[in-house]
Structure formats: C-alpha cells, structure tokens
Amino acid sequence: MHDSRETSARHAFVAGYPVRHSRSPLIHGHWLEKLGLAGSYTRQEISPEDFAGFVSRLKSGESGFTGGNVTIPHKETAFRLADRPDALSEELGASNTLWLEDGRLCATNTDGHGFLANLDAAMPGWDRTDRAVILGAGGASRAVIQAVRDRGVREIHVVNRTVARARELADRFGPKVHAHGMGALAEVAKGAGLFVNTTSLGMDGEPAPDFDFSPLADGAIVTDIVYVPLMTPILRQAAAQGRATVDGLGMLLHQAVPGFEKWFGVRPVVDDELRRLILADMEKH
Ligand code: ATR
C-alpha cells in the first residue's frame, strides 16, 4: 500500500529563545541529506510570550510542522501545553520533543535516552554498577537521574552545592536517590562505578576545585553532560588520574535520534561522520 506521508516532505523545528546557537539543525540536516529524505528542520526563535501561539498553530496544522524540539526556556511550557505528554515528561515536568499523532500533540523528553545511549556506545557494560554519583541538581541533572534510575542502578547519590535542590530531586525521583552537600562527595564516591558531572564547575573562569577520583570503583567511568569544551575541567582531571572518561557530545547526538524517527519515519544512526561534523562546527565558533 502506498503511504503518501512517505513521499511528501515533512518539516520539523527547534524552538528556543535564543535559538541561534542550537546545533540541532546541523544534526537533523545531516541525517535528512544522508537518508535522501525530502524535509526540513529549522530554527524558530520564539519568545516566551509567543510560545503558546506557536504551539496552537502547530496543533491546528496551520504551521505545517510535523513536530520539533523545544529548548530553553520552553521545555516546561511545552510539557504543559502538550495533549499527550509521556510518563518521562510527566515526572520531569519538561519536554524537549513534540510530534503530532492523530491530531494530538505528543511530548517526550529524550535527554535521558541520549545520556544512556552515549554511555552504551562508548562503554558497553557501564551499567553493571550498583552506585552512581551525580554532581549537580539543576535542570540538566534531572533527566540523567531519571535515566540512571530507570536503567536499574540501585543507589544514586546527588551531590550539590545547594543541598536543598538535591533533596528536591531525591523526593521527586524516589528512594534510590539520595541527596548530599559537596562535603559528602569523597564518602559517597566510594565504590561508585559512574560519576556524572552536570554542573558548569570550572567553566566560568573560576578554577575547578580539585576532585579526587580515587574512591571510585576499579573501572569506573567519569562523564560530563557539558560538551563545550569536549574535555571539560572535570574530565581532564579524571583522565589525569587514570580514569576512563566519556565526553558529552554523544549525548547531544543520541538525544536527537527519537525525534528524527517520529517526524521523518526513519531511525537515524549516530556515527563518526556526524560527530566529526559537529566537532568541525565547534571549532568554527
Ligand atoms: P542547568 O539547568 O544547566 O543544570 P542550573 O539549574 O543553573 O543549570 O544548575 C547548575 C548546577 O551547577 C547546579 O547544580 C549548581 O549548584 P547550585 O544548585 O548550588 O547552584 C551547580 N554549580 C554551578 N556553579 C557552581 C559552583 N561554582 N560550585 C558548585 N556548584 C555549582
């Protein structure tokens, strides 16, 4: 049977404010070209006042988009305005991926998928650990906590300068998640097989504090969700201490996969060619 949707061009977007720094158009544009699909993925700079109108034109079909990504500052509003947010978005209170299905606006959050797929590709077997340490309790750490918990890691220790923010997340994500201040880091790192940085520590012109990765388990992995620069101050320290590291660029690439599949009907592949394309762009800016 011929499905006309397979031959007609589909259009997706990334909506943010500002949005010009988003590398998502480069990723999706690469896949569209590589797969020979007619379609587009464009930046849409939408102010907070205009976002509800943008979503209503998306829902009505007037905008001609099949769906898209939303980024800062629209992730929470996108979740609230969606007709069918999935369980991941519900728990996070935020969505980064929208698509129309039977005239309804569906929403999910693919950051956790991106985080896991990056580790799976770089360090298969990383998830055999029982203990993870996550540094930071901002917006970006939520999807990581959720993903690591859902993968089955039994003890997740969230360490944050402001311990109240870590506690909020422990309450939100359940009994496997424990909250601590920075002073507890050495203690909770003992025997952990995964250490994740979700903060911008050391990137704001201030020197990064010295971290001692020796309490981690043998074979532990240190990863960062920040990917500019690729070797963040924390990854640099971990590598200097002989730890295996995984940079955050793969998370950006892998989080884009489920959205592309929803909008364009084909599951794309994250490969070295795509990684090199984004690295080349990072060198330019
Ligand atoms: P995002 O949504 O990108 O995660 P955020 O909500 O501003 O950004 O969170 C930034 C994270 O980095 C927080 O965990 C923050 O700690 P606080 O909750 O105590 O603010 C952490 N962070 C930023 N600068 C820091 C610093 N100099 N020392 C320790 N933690 C820092």
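Since the model is a prediction, treat every value here as computed from it, not as a measurement.

Parameters at a glance
- Residues numbered from 1 in each chain as written.
- Predicted model: local features only at pLDDT ≥ 70, side-chain atom pairs only at ≥ 80, totals over all residues.
- Heavy atoms only, no water.
- Helix = DSSP H or I, 4+ residues; strand = E, 2+ residues; numbered from the N terminus.
- Rg over C-alpha atoms; globule rule 2.2 N^0.38 Å.
- Buried < 20%, exposed > 50% of the residue type's maximum accessible area, 1.4 Å probe, protein only.
- Core = buried A, V, L, I, M, F, W, Y, C linked by side-chain atoms within 4.5 Å.
- Contact = heavy atoms within 4.5 Å.
- Domains from an automatic or database assignment.
- Buried area = accessible area lost by both parts, 1.4 Å probe.
- Salt bridge = Lys/Arg side-chain N within 4 Å of Asp/Glu carboxyl O.
- Polar contact = N/O pair within 3.5 Å; in protein donor to acceptor, adjacent residues only side chain to side chain.
- Nonpolar A, V, L, I, M, F, W, Y, C, P; charged D, E, K, R; others polar.
- Pairing = 2+ DSSP bridges.
- Axes fitted to C-alpha atoms, helices over the stretch in contact; angles between N-to-C directions.
- Near = heavy atom within 4 Å.
- Areas by Shrake-Rupley, 256 points an atom, 1.4 Å probe, with all protein chains shown as cover.

Asks: Would you explain the overall build of the protein chain in this entry?
Replies: Summing up its helical and strand segments, the protein chain has 12 helices and 12 strands in all. The C-alpha radius of gyration computed for the protein chain amounts to 19 Å, which stays within 12% of the reference 19 Å derived for 285 residues, consistent with globular compactness. In terms of overall dimensions, the protein chain has a C-alpha envelope of 60 × 40 × 40 Å along the principal axes. For the protein chain, buried positions account for 48% of its 285 residues.

Asks: So what exactly am I meant to see when it comes to the nonpolar core here?
Replies: Nonpolar side chains tend to gather and get buried jointly when the protein is soluble and globular. One finds Phe115, Ile145, Val148 and Leu194 to be the most contacted residues of the largest nonpolar core, which totals 27 residues. Top contributing element to this core by residue count: helix 6 (residues 139-151), with five residues. The contact partners of Leu194, leaving out residues within four places of it in the chain, are Leu119, Trp126, Thr129, Arg131, Ala132, Val133, Val148, Ile221 and Thr223. In this structure, Val19, Trp31, Cys106 and Tyr227 belong to the second largest nonpolar core, which totals 21 residues.

Asks: Before we go on, may I ask you to explain the domain arrangement of the protein chain in this structure?
Replies: Interfaces are often sized by the amount of accessible area the parts lose when they come together. When its domains are assigned, the protein chain resolves into domain 1 (4-110 + 256-284) and domain 2 (112-247). The gap between the C-alpha centroids of domain 1 and domain 2 is 27 Å. In this complex, domain 1 contributes 12 residues to the contact, which on the side of domain 2 involves 14 residues. Around 1000 Å² of area is buried between domain 1 and domain 2 when both sides are counted, 47% of it from carbon and sulfur atoms. When the buried area of domain 1 at its contact with domain 2 is split by residue, Glu91, Leu92 and Met282 rank highest and sum to 50% of it. Between domain 1 and domain 2 we count two salt bridges in total. Asp247 is the partner of Arg275 in a salt bridge, and the nearest nitrogen-oxygen pair spans 2.8 Å. Scanning the region where domain 1 abuts domain 2 turns up nine residue pairs in polar contact (both at pLDDT 80 or more). Breaking the side of domain 1 that touches domain 2 down by element, the ones donating at least two residues are helix 4 (87-92) and helix 12 (272-284). By residue class, the composition of the side of domain 1 that touches domain 2 is five nonpolar, three polar and four charged.

Asks: Whenever I open this one, the pattern of salt bridges confuses me. Can you help?
Replies: A side chain with one charge may pair with a side chain of the opposite charge, provided their charged atoms come close. For the structure shown, the criterion picks out 15 salt bridges. Between Arg267 and Glu261 there is a salt bridge, with the nearest N and O atoms lying 2.5 Å from each other. Its relative accessible area of 44% is what places Arg267 among the partly exposed residues. Given the relative accessible area of 32%, Glu261 is considered partly exposed.

Asks: Where do I start with the sheet that holds strand 12 (residues 244-246) in this structure?
Replies: Backbone-to-backbone hydrogen bonds join strands into a sheet, with any given pair of strands oriented parallel or antiparallel. Across the sheet, which stays open at both edges, the six strands sit in the order 9-8-7-10-11-12 with parallel pairing between neighbours. One side of each edge strand has no neighbouring strand; the edge strands of this open sheet are strand 9 (177-180) and strand 12. Going from strand to strand, the sheet's axes swing by 20° on average, the running direction of each strand aside. Of the strands in this sheet, strand 8 (155-159) and strand 9 touch helix 7 (residues 163-173), which is tilted by about 170° from strand 9.

Asks: Is there a simple way to think about the site of the ligand in this case?
Replies: Taken together, Gly136, Ala137, Gly138, Gly139, Ala140, Asn160, Arg161, Thr162, Arg165, Thr199, Ser200 and Leu201 are the residues near the ligand. For the ligand, an oxygen atom lies 2.9 Å from a polar atom in the backbone of Ala137. With the chains in place, 67% of the 640 Å² that the ligand exposes on its own is no longer accessible. When grouped by side-chain class, the residues that make up the shell around the ligand number three nonpolar, seven polar and two charged.

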